[in-house]
Amino acid sequence: MRGHASFCAAAVAVAAAAGLKLNLPARSQPASRSKRSGPEYDRCPESIDVQDPWIIRALERPEPTTVDDCVYLVVRKGERATVESMAVEEEGLRVFQSVKIKIGEAKNIPPYPGPNRMRDCYCTVNLDQEEVFRTKIIEKSLCPFYGEDFYCEIPRSFRHLSFYIFDRDVFRRDSSIGKVAVKKEDLQKYHGKDTWFQLQPVSADSEVQGKVHLELRLSEVITDSGVINHKLATRVLECQGLPIVNGQCDPYAAVSLLGPSRSEAKKTRVKRKTNNPQFDEVFYFEVTRPLSYTKRQFDVEEEDVDKLALRVDLWNASNLKFGDEFLGGVRVPLRVLGQAGVHDAWYFLQPRENGGKSVKVEELGSLRLNIVYTEDHVFPSEHYTPLRDLLLQSANVAPVSASPAHTLGEVCREKQEAAIPLVRLFLHYGKIVPFISTIAHAEVNRTQDPNTIFRGNSLTSKCIDETMKLAGMHYLQVTLKPIVDEICTDHKSCEIDPVKLKESENLETNRENLRQYVDRIFNVITTSGVRCPTVMCDIFFSLRESAATRFQVDQDVRYTAVSSFIFLRFFAPAILSPNLFHLRPHHPDPATSRTLTLISKTIQTLGSLAKSKSANFKESYMAAFYDYFNEQKYSDAVKNFLDLISTSGKWDQRSIETPIMLKEGFMIKRAQGRNRFGIKNFKKRWFRLTNHEFTYHKTKGESALCSIPIENILAVERLEEESFKMKNMFQVIQPERALYIQANNCVEARDWIDILTKVSQCNRKRLSTYHPSAYLNGHWLCCKLSADTASGCTPCTGGLPANIQLDVDGDRETERIYSLFSTYMTKLIKMQEACGSKSVYDGPEQEEYSSFVIDDPQETYKTLKLIVSAVQTLEQQHTKYKRDKFKKTKIGSQEHPIGDKSFQCYIRQQSESSTYSI
């Protein structure tokens, strides 16, 4: 390579020809080599083509100040015109992703190669390489049963949903046994189905994620001697979303030209502490030998170019003795340059070819999963007005069986499908009580036996269940969490079945342990009536009145109508499976689960007010144990509690004196008053949030190092990554300063922000604006204001309701209801046919229509026509959006990098879209 002088002379000549003055500094020192062998950074070209349009455009840029800027002038093709066209969504459209996973069990895990062949296994859930959930450890098993559920909103794009099985190692790093990686576009294949997946081998060379932006240009270059060469200029601009390896990411790129007799390899500088590095470095590779000086056109033989390819590998510069870690790579054949000789595109990083060892798949075992992935495309609110207004009038339609909401329950395969979005929509608009009251009254009137009231899986039952989960979750936490935590921690033996009793256990001692637990839980439930949410009280009042009016002879029906929900469907299931109700992070161990099962059975029977309670138990040992509770005081306590929670409008939620733990876990905090960077600035601490305060501790169980009262939390917002070059950071803003915290992953960061925001939502002094970046070196990085007390420059993300559990997006729920109606359109058509059949045929009901509840065929038919019209309108808007998106989408753009299979999947979907008409 010719030196700095040749380059500077050529650059000055170009500038002079254009009438510009170009001041060039002294040559900068080359960067040090990384651990892997390779050439020094190729910073300067051998020569410059004065006709090159990159140079001509570059001269329009401001005067350069470094050699790096000079190089940038030479290699830049011009402004990146594709940036502005990368937005593929219509203005105002919001895309929500969520996933609900049931991790069942693994089987046939390979044994440990030692005398103790058992393993201590756990399973992780990963978005690409980012772990977002971890199950408990199942000890000493090759077929571990997990039985855990996980739900999260996905706050970013991803390519794979992965599951890893690890074997815990006390002395070394836990070892991976195998993985299941499901591509995003394949998630719909397994939607809602229990599926056994074969575990695949885990190789460091295959664990890749992220994307890279490259610019390639094939051009002819004039050397100092006047000879023309053909050179490939390769510009590595940036990467996004690289994996974090062992808690750090210090990436660099290695660029090489592959082909016959080619071995050139060049590297970028290492970018420290970032997984979104900005490289913006250019490398030159000789493609053809010099031709005659007078030949000015491209003379590159096609077969030679086809044999060449550019290889870009991303590495993590590790300080460990094992060498640098492979992060991913791309192979770009030079034929993509085409006639123009120019290529600018984003690429998804791919695994290294033949990087993994050969492992027989069947030797690794399998994992049972149930995955439900949902992607909602939500339009601006006005698009949903016709369907939303139609649904919200359901309580006023007579009969209610002809209402749109009831119709949705009739056509859905499972009532739960309809209940979830309906309840959230009605809660959001404050119409849940009249809606449930109306459908409950209709169901009570259809019930013949008071002993079976609300015992089926009807739309009413599912809607009340969902309402209690949303509105009553905080109430449940306050009431049950402390005692459930104690049961799971103490591990007292409570087995009362003589057959299952261990030799070392005493039956009477176990009975006493169980009786004490039941007594304590019964007392906390029956004394919690004043904290029952108002919306639940109003619904219970409606149920009580409807049941008492329908069955006037039965004096207990007013109690059983309410107890069938509050005990049978709320408290008893929460005790039985505390992890499903967020009372515990994981499914309890088998012994604790057995204890909770026995408690749940007893509480359920106590709340049922059955006349012959002992007869409710099939097991003789449970009937004998229940004799402890055959006292009138228990029945009186249940009735008083039911009377209290079914009295409408009298009991609002009150302030709770006892601190209730809402969330806790390890995170990293930044010390206050420090400089921007430093090892001591960031420390791992145990954070704990209660309804009274937000604290952090050196470790779990120790006294608090810092306590922030809830009333002092003025806002909780994300912190821009550029502040400290760290991902997943957020800030808790107080009157005097902000506390900067880094969560372990994106899902955990979102969870902490959500719950901190909700618990502090009622604070009177909450901010309306905030600074999205940190205050460092005497100014705010976002707005550059120097005063640390300056008002925020960005509006706070607000509008969340004060009630912790009622954060509902009405438009998103309406979109989900539209999707259900669209999915079950054939059933809507059949229901219309059933209305016609009932109107003209007065004989026995045809079998194919018997599954529908149609009390008024004419009214139901009118409703169905309105539903179909609203659904068709929304479907046309979705189709238009897809077409517009298809037109704007560019393969190789930032949103659709080359290698993204989801784009091909999207193209296939265009041809499958259809519009229904009746």
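Residues numbered from 1 in each chain as written. Predicted model: local features only at pLDDT ≥ 70, side-chain atom pairs only at ≥ 80, totals over all residues. Heavy atoms only, no water.

Novice: So what about the overall build of the protein? Which residues, and what values?
Specialist: Secondary structure assignment for the protein yields 21 helices and 27 strands. Going through the 918 residues of the protein one by one, you find that 51% of them count as buried. Across the protein, the fraction of contacts at a sequence separation of at least 24, relative to all contacts at a separation of at least 6, is 69%. Here the protein has roughly 43900 Å² of accessible surface; of this, 49% comes from carbon and sulfur atoms. (Helix = DSSP H or I, 4+ residues; strand = E, 2+ residues; numbered from the N terminus. Buried < 20%, exposed > 50% of the residue type's maximum accessible area, 1.4 Å probe, protein only. Contact = heavy atoms within 4.5 Å. Areas by Shrake-Rupley, 256 points an atom, 1.4 Å probe, with all protein chains shown as cover.)

Novice: Give a description of the packing of aromatic side chains that names residues and reports values.
Specialist: All told, the structure shown has 26 aromatic pairs when counted by the stated rule. A ring pair is formed by Y190 and F197, whose centres lie 4.9 Å apart and whose planes are at 65 degrees; its orientation type is edge-to-face. Grouping aromatic residues by their ring pairs yields a cluster made of F522, F625, Y626, Y628, F629 and Y634. The positively charged end of K184 is found above the aromatic ring belonging to F158, 5.3 Å away from the centroid. Seen from the ring of W346, K211 lies directly overhead, with NZ or CZ sitting 5.7 Å from the centre. (Phe/Tyr/Trp six-rings, centres within 6.5 Å; stacked < 30°, edge-to-face > 60°. Lys NZ or Arg CZ within 6 Å of the ring centre and 35° of its normal.)

Novice: So what about the pairing of strand 14 (residues 325–333)? Which residues, and what values?
Specialist: Counted residue by residue, strand 14 has eight buried out of nine residues, so it is predominantly covered. By the bridge criterion, eight bridges tie strand 13 (residues 309–316) to strand 14 in an arrangement that is antiparallel. Across the sheet, residue L310 finds its bridge partner in strand 14, namely V332. (Pairing = 2+ DSSP bridges.)

Novice: Which residues make up the packing of helix 13 (residues 557–576) against helix 14 (residues 590–608), and what values do they have?
Specialist: Where helix 13 contacts helix 14, the axes come no closer than 9 Å and their chain directions differ by 170 degrees. By the angle between their directions, the pair helix 13 and helix 14 is classed as roughly antiparallel. Along its contact with helix 13, which presents T560, S563, F567, L568, A572, I575 and L576, the element helix 14 presents L596, T597, I599, S600, I603, Q604, G607 and S608. Each residue belonging to the contact of helix 13 with helix 14 can be placed in one class, and the counts come to eight nonpolar, seven polar and no charged. (Axes fitted to C-alpha atoms, helices over the stretch in contact; angles between N-to-C directions. Parallel < 35°, antiparallel > 145°, perpendicular 65-115°, else oblique. Nonpolar A, V, L, I, M, F, W, Y, C, P; charged D, E, K, R; others polar.)

Novice: Outline the state of the cysteines, listing residues and values.
Specialist: Summed over the entire model, instances satisfying the criterion amount to zero disulfides. Free of any disulfide, C746 has its nearest neighbouring cysteine sulfur in C152, separated by 7.6 Å. (Disulfide = S-S within 2.5 Å.)

Novice: Quick rundown of the nonpolar core? Include the residues and the values.
Specialist: One finds L480, F540, I566, I603 and L642 to be the most contacted residues of the largest nonpolar core, which totals 109 residues. Top element by residues in this core is helix 13. It accounts for 11 residues. Setting aside chain neighbours within four positions, we find I603 in contact with V518, I521, F522, I525, F567 and I575. Ranked by size, the runner-up nonpolar core spans 34 residues in total, among them Y146, F150, I154 and L364. (Core = buried A, V, L, I, M, F, W, Y, C linked by side-chain atoms within 4.5 Å.)

Novice: Please provide a residue-by-residue account of the environment of D538, values included.
Specialist: The topology assignment puts D538 in helix 12 (residues 534–550). In this structure the C-alpha to C-alpha distance between D538 and S437, which are 101 residues apart in sequence, comes to 9.1 Å.

Novice: Can you explain the packing of helix 9 (residues 459–471) against helix 12? Please cite residues and give values.
Specialist: At their nearest, the axes of helix 9 and helix 12 sit 10 Å apart, and the two run at 155 degrees to each other. Judged on the interaxial angle alone, helix 12 and helix 9 are roughly antiparallel. Judged by the sense of rotation from one axis to the other, the crossing of helix 9 with helix 12 is left-handed. Touching I464, T467, M468 and A471 of helix 9 are V535, M536, I539, F540 and L543, all from helix 12. (Left-handed = near helix turned anticlockwise from the far one by under 90°.)

Novice: Explain the pattern of salt bridges to me, and be specific about the residues and the numbers.
Specialist: Opposite charge on two side chains makes pairing possible when the charged atoms of those side chains draw close. Counted under the stated rule, the structure contains 38 salt bridges. The closest approach of N and O atoms between R235 and D280, which form a salt bridge, is 2.8 Å. Placement of the pair is R235 in strand 9 (residues 228–240) and D280 in strand 12 (residues 278–291), with a sequence separation of 45 residues. With a relative accessible area of 2%, R235 lands in the buried category. E486 is the partner of R520 in a salt bridge, and the nearest nitrogen-oxygen pair spans 2.7 Å. In this pair, R520 is assigned in helix 11 (residues 507–526) and E486 in helix 10 (residues 473–490), connecting sequence segments 34 residues apart. (Salt bridge = Lys/Arg side-chain N within 4 Å of Asp/Glu carboxyl O.)

Novice: Help me get a handle on the pairing of strand 22 (residues 729–733), residues and values and all.
Specialist: The buried count for strand 22 comes to five of five residues, which makes it a mostly enclosed element. Burial along strand 22 is two-sided: the residues M729, Q731 and I733 and F730 and V732 are all buried. Pairing of strand 21 (residues 715–718) with strand 22, which is carried by four bridges, proceeds in the antiparallel orientation. The residue of strand 22 that forms the bridge with V716 is V732. As judged from the five bridges shared by strand 22 and strand 23 (residues 738–742), these two strands associate in the antiparallel manner. Looking at strand 23, one finds that Q731 is bridged to Y740.

Novice: I'd like a rundown of the sheet that holds strand 10 (residues 251–258), residues and numbers included.
Specialist: Spatially, the four strands line up as an open sheet ordered 11-10-13-14, and their pairing is antiparallel. Both outer strands of the open sheet, strand 11 (265–267) and strand 14, are each paired with one neighbouring strand and no more. Here the strands of the sheet are splayed against their neighbours by 20 degrees on average, with no regard to which way each runs. Alignment of strand 10 against strand 11, held across three bridges, turns out to be antiparallel. Opposite S256, over in strand 11, you have A265 as the bridge partner.

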